[in-house]
There are 2 protein chains.
Amino acid sequence: MKTADLIIENGLVLQYDRSSSSGISSIAVKDGRILDIDLPDRIKSNYNADSYLSAIDKIVMPGFVNTHSHVSMTYFRGLADDLPLMEWLNDHIWPAESKHLSAEFVYDAALHGCAEMIKNGITTFNDMYFYCGEVAKAAKKIGIRAILSEGVLDFPVAQYQNSQEIIDYTIKQHDKFKHDELVQIAFGPHAIYTCGTDTLQKITKLAVARDMLVHTHLSETKTELEDSLKKHKLRPAEYLDSIGFFDNKVIVAHAIWLDEKEQSLLAEKNVAVAINTSSNLKLASGFAPIKGYMDKGVTVSLGTDGVASNNNLSMLEEMSYTAKIHKLLNEDPTVLPAEDMVKMATIEGAKALRMDNEIGSLKQGKKADIILLNTRDLNVQPMYNPYSHLTYAFSSEQISDVLIDGKIIMQDRKLVTIDEDELFNKAEYYRNKIRENK
Amino acid sequence: MKTADLIIENGLVLQYDRSSSSGISSIAVKDGRILDIDLPDRIKSNYNADSYLSAIDKIVMPGFVNTHSHVSMTYFRGLADDLPLMEWLNDHIWPAESKHLSAEFVYDAALHGCAEMIKNGITTFNDMYFYCGEVAKAAKKIGIRAILSEGVLDFPVAQYQNSQEIIDYTIKQHDKFKHDELVQIAFGPHAIYTCGTDTLQKITKLAVARDMLVHTHLSETKTELEDSLKKHKLRPAEYLDSIGFFDNKVIVAHAIWLDEKEQSLLAEKNVAVAINTSSNLKLASGFAPIKGYMDKGVTVSLGTDGVASNNNLSMLEEMSYTAKIHKLLNEDPTVLPAEDMVKMATIEGAKALRMDNEIGSLKQGKKADIILLNTRDLNVQPMYNPYSHLTYAFSSEQISDVLIDGKIIMQDRKLVTIDEDELFNKAEYYRNKIRENK
């Protein structure tokens, strides 16, 4: 009889490397990792545990990996909508940011955003914003896994006078969290239109030397493409490749306006893509050539973007939106089938973040980042195929339990590590502040 | 002091005909209708009530009007996905229907579907399927408002040998429910490719004589358009107009492949449209020219279609999908702003069903079909504008209470008129039956 910290019992466990008709199983968890997955009887006779979590009538699957977010924009949710991108940024988002951004604001907003991610079954997120040290504190308080980067821009922004200060801050944070169980620091050059070639090349060198992930925005709008053609005589991805930016571990967000040649370039250089369907639709930015990426072997993952442009953090919604709209755009309902979408939101996200050895699927030895979904709800009954339901029928309401690093962060939809009332009070405080200053 | 049956107290009441900054109000309900809406203090001092419902921290708004559904297809949810329309119908849906369809099946499935609609805040739905008398029984058992039609097709289907039998059944049901508080019967000629000109004209005459709504599918697929051009030398809407079909109260579902001339025709003939965005995306059918319809003054409403092709019944999702995708398709993020979407899902739906004198907005004298949404959830905090959040941030999880005809049908997300466990048992029974016969 071996000892586990926790046993998740009798769930419909989704194991991607087994047959798709995953059966009822139990999972033993120890020291933050999956110790064993087996038939319930075998787990019962092989392990004792300190605590047990029933997964009867539940799907048990890896937590969602959100590969592009701005978690500290929570308090700007719905501040302005239905506007063109530049009007939205110039007249609403940037003025609000310049007035309210502070370490305290970022910490509070990140706490809300991290808690909201947990409610949406997200166990790892890849974020870019300011004061990433504060986001790290919030993530650790909630207990969510995070890759955080400080947005690097070549002009004065937030608390910085120039991009060198942001690079220095990033390195300091990277040193601080080097051995952290939950938080990693990445480099976050914002985009080709906010960082000059020098800055991008400086970051590339530092990232290679420190084996850091690089997270950037790429080809979100047609304007970005046109400006790049004018300025560099190259399309955005071609330009980045020409300056050596892709000789590195890179994830690019949006990746909408890439032609076939650029798509192949991403595949060749092992650049991963974070798709943000809701945000791209809402801002009318365009849609990413996902089928092209998949055909060429690019790692495609899903991100929520910030709530200011989404306006929620539901990965289930991103899966459904992405699958459905690309069927229409390709005039082919067989494109992006349900099982691919579930993988895109989990193991492909882990690959995109170069963390697939540790997270993204349920496998002995991997981190116990696990979510449970209640199947006893009207909108998911009857169930013939869990993958179909995950992509097309489930909503976050059915996400009942969330474990990260083997710890229960949400149980029966109640957050364990934070008091929700505190978050509501803070949200109201900042809403009033932001409203008055408008 | 006057007497009310129920008072909904202290909610953020959305009244479309007032300023958009609807304040905190209370609503007095009596005999199934809205008796008064006023400031909480005034309602308190003017009315006594048998019961009270607190709406503190809640939005109070008209229930959603779902203008196109097949509620009895619930048990086929996720039976087959990611397939071309004809393969999906021929190899999966139609064989399952032909094997399992019966009065009992339709009643049970409709009960599940009606309960699911309540959970999604739908208080009125416009349905087409078979055994509509059974659907009526289910709707009345749950307590949901319904317009029901029996799908008319010119070939043997369900329990019928020919379309005349279906027409006769429709008339019988119409007589039966003529004075019903909740259920109305409409005519449901299925489509121009399943009904001949004779049948369509016969229905038109009967509907005019009896002042019945006519509910049909129109231009869902490109094939339907091409076949019509071949057969009638007219586009589908032109053909229907040429045979007098539009000289009547008509609502058409899907309405995707209509050109500018056909769009104008719908406006001129006061034909309403039911948009089914999720279903159309998932089956890659195309997208309706909503902006064209709105510019020309066509009444545009939203439908969920059946769960076999959606695969859920969330009107909030339809609002969000529709707003976002049409921003992208029109390359203009100002298209379909949030407030328009909320109206599309409520008062415009009521107009489409010619029921806007009775339902679709909160107004003295109208039916008390009211839903409450909890604003104290992380995904809808902070809130600057309720319309924005309804379209982009709320999910059905926040729909806490549903009143129809003044009666509480759901309270704190618990169904009042039906035992959910019974529905789960039935769903499992049919799932096993359907699976075994596959």
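The structure displayed is predicted, hence computed values, not measured ones. (Residues numbered from 1 in each chain as written. Chains lettered and ligands numbered in written order. Predicted model: local features only at pLDDT ≥ 70, side-chain atom pairs only at ≥ 80, totals over all residues. Heavy atoms only, no water.)

1. Regarding helix α7 (residues 222-232) of chain B
All names here are of chain B.
Right, on to step 1. Of all the positions in α7, only E224, L225 and S228 are classed as buried. Down the axis of α7, the buried side of the element spans an arc of 100 degrees, and every buried residue falls inside it.
Right, on to step 2. Taken together, the buried residues of α7 touch β10 (214-218) and α8 (236-242).
Right, on to step 3. Phi for K233, located one or two positions after α7, is positive at around 55 degrees. (Buried < 20%, exposed > 50% of the residue type's maximum accessible area, 1.4 Å probe, protein only. Helix = DSSP H or I, 4+ residues; strand = E, 2+ residues; numbered from the N terminus. Arc of directions from axis to C-beta. Contact = heavy atoms within 4.5 Å.)

2. What about the packing of aromatic side chains?
Right, on to step 1. Within the structure shown, the criterion is met by 17 aromatic pairs over all chains.
Right, on to step 2. Here B:Y75 and B:F105 contribute two aromatic rings whose centre-to-centre distance is 5.5 Å and whose plane-to-plane angle is 80 degrees, an arrangement assigned as edge-to-face. Here B:F105 lies in helix α3 (residues 103-119) and B:Y75 lies in the loop between β6 (64-69) and α2 (85-100), a separation of 30 residues in the sequence.
Right, on to step 3. Among the residues examined, B:Y75 registers a relative accessible area of 0% and is labelled buried.
Right, on to step 4. Look at B:F105 and you get buried, because its relative accessible area is 0%.
Right, on to step 5. Members of the aromatic cluster, connected to one another through ring pairs, are A:Y75, A:F76, A:F105, A:Y429 and A:Y430.
Right, on to step 6. If you follow B:K137 out to its NZ or CZ, it ends over the ring of B:Y107, 5.3 Å from the centre.
Right, on to step 7. Taking the ring centre of A:Y392 as reference, the NZ or CZ of B:K282 above it sits at 4.7 Å. (Phe/Tyr/Trp six-rings, centres within 6.5 Å; stacked < 30°, edge-to-face > 60°. Lys NZ or Arg CZ within 6 Å of the ring centre and 35° of its normal.)

3. Focus: the relation of the copies chain A and chain B
Right, on to step 1. With an RMSD of 0.0 Å, the fit of chain A onto chain B corresponds to turning through 180 degrees and sliding 0.0 Å along the axis. Within this description, the copies of the chain are treated as partners about a two-fold rotation axis. Among all residues of chain A, the minimum C-alpha distance to the rotation axis is found for A:E397, at 2.8 Å.
Right, on to step 2. The residues that chain A uses at the interface reappear at the interface of chain B in 100% of cases, marking a shared surface. (Least-squares fit on C-alpha atoms with pLDDT ≥ 70 in both.)

4. Topic: the interface of chain A and chain B
Right, on to step 1. With 67 residues of chain A at the interface, the matching set in chain B holds 67 residues.
Right, on to step 2. Of the roughly 5400 Å² buried at the junction of chain A and chain B (both faces included), carbon and sulfur atoms supply 60%.
Right, on to step 3. It is A:D82, A:L378 and A:Y384 in chain A that bury the most area against chain B; as a group they hold 17% of the surface buried on that side.
Right, on to step 4. Linking chain A with chain B are 6 salt bridges, by the criterion used here.
Right, on to step 5. Remark: the boundary between chain A and chain B carries 33 residue pairs in polar contact (both at pLDDT 80 or more).
Right, on to step 6. It is helix α16 (residues 420-437) of chain A that contributes the most residues to the side of chain A that touches chain B, 10 residues altogether. (Buried area = accessible area lost by both parts, 1.4 Å probe. Salt bridge = Lys/Arg side-chain N within 4 Å of Asp/Glu carboxyl O. Polar contact = N/O pair within 3.5 Å; in protein donor to acceptor, adjacent residues only side chain to side chain.)

5. Here we look at the pattern of salt bridges
All names here are of chain B.
Right, on to step 1. Considering all chains together, one arrives at 58 salt bridges over all chains under this definition.
Right, on to step 2. Ionic pairing is found between E358 and R33, a salt bridge with its closest N-O pair at 3.0 Å. With E358 in the loop between α14 (347-352) and β14 (370-374) and R33 in strand β3 (residues 33-38), this pair connects stretches of sequence that are 325 residues apart.
Right, on to step 3. According to the relative accessible area criterion, E358 is partly exposed, its value standing at 30%.
Right, on to step 4. Measuring nitrogen to oxygen at the nearest pair gives 3.0 Å for the salt bridge that ties K351 to E348. Here K351 pairs with E348, and both are found in helix α14, just 3 residues apart, close to one helical turn.

6. Re helix α4 (residues 132-142) of chain B
Residue and element names in this part refer to chain B.
Right, on to step 1. Most of α4 sits inside the fold, with 8 of its 11 residues counted as buried.
Right, on to step 2. Among the residues making up α4, those that are buried are C132, G133, E134, V135, A136, A138, A139 and I142.
Right, on to step 3. Structurally, α4 contributes buried residues whose contacts are with α3, β7 (122-129), β8 (145-152), α5 (163-176), β9 (183-189) and β16 (407-411).
Right, on to step 4. At the C-terminal side of α4, G143 shows a positive phi close to 95 degrees.

7. Points about the domain arrangement of chain A
All names here are of chain A.
Right, on to step 1. Domain assignment breaks chain A into domain 1 (2-62 + 367-415) and domain 2 (64-352).
Right, on to step 2. Its C-alpha centre places domain 1 at a distance of 29 Å from the equivalent point of domain 2.
Right, on to step 3. In this complex, domain 1 contributes 25 residues to the contact, which on the side of domain 2 involves 30 residues.
Right, on to step 4. Overall, the association of domain 1 and domain 2 removes approximately 2200 Å² of surface from exposure, summing both partners, and the carbon and sulfur fraction of that is 65%.
Right, on to step 5. When residues of domain 1 are sorted by the area they lose upon contact with domain 2, Y16, T391 and Y392 head the list and together hold 26% of the total.
Right, on to step 6. On inspection of domain 1 and its partner domain 2, the count reaches 3 salt bridges.
Right, on to step 7. Linking domain 1 with domain 2 are 8 residue pairs in polar contact (both at pLDDT 80 or more), by the criterion used here.
Right, on to step 8. Every element with two or more residues in the side of domain 1 that touches domain 2 is listed here: β5 (58-62), β14 (370-374), α15 (386-392), β15 (399-404) and β16 (407-411).
Right, on to step 9. Among the residues making up the side of domain 1 that touches domain 2, the classes are represented as 16 nonpolar, 5 polar and 4 charged. (Domains from an automatic or database assignment. Nonpolar A, V, L, I, M, F, W, Y, C, P; charged D, E, K, R; others polar.)

8. Some thoughts on unusual backbone geometry
Right, on to step 1. Omega for the bond connecting B:N310 with B:N311 falls within 30 degrees of zero, at 10 degrees, which places this linkage in the cis form.
Right, on to step 2. You can see B:N311 is positioned in the loop between β13 (300-302) and α12 (315-329).
Right, on to step 3. The linkage connecting B:Q381 with the following residue, B:P382, adopts the cis geometry, with an omega of -15 degrees.
Right, on to step 4. Inspection of the secondary structure puts B:P382 in the loop between β14 and α15 (386-392).
Right, on to step 5. Despite not being glycine, A:D211 has its phi angle at roughly 55 degrees, a positive value.
Right, on to step 6. By the element assignment, A:D211 lies in the loop between α6 (197-210) and β10 (214-218).
Right, on to step 7. Take A:D211: its relative accessible area is 55%, and that puts it in the exposed class.
Right, on to step 8. Its identity as a non-glycine residue notwithstanding, B:S219 has a phi of 50 degrees, on the positive side.

9. Section: the environment of A:L258
Residues and elements named next belong to chain A.
Right, on to step 1. Here L258 is to be found in the loop between β11 (250-254) and α9 (260-268).
Right, on to step 2. A relative accessible area of 6% places L258 in the buried class.
Right, on to step 3. For L258 and K222, which are 36 residues apart along the polypeptide, the C-alpha to C-alpha distance reads 9.9 Å.
Right, on to step 4. For L258, the residues in contact, after removing those within four places along its chain, are L218, S219, R235, A237, Q263, L266, P289 and Y293.

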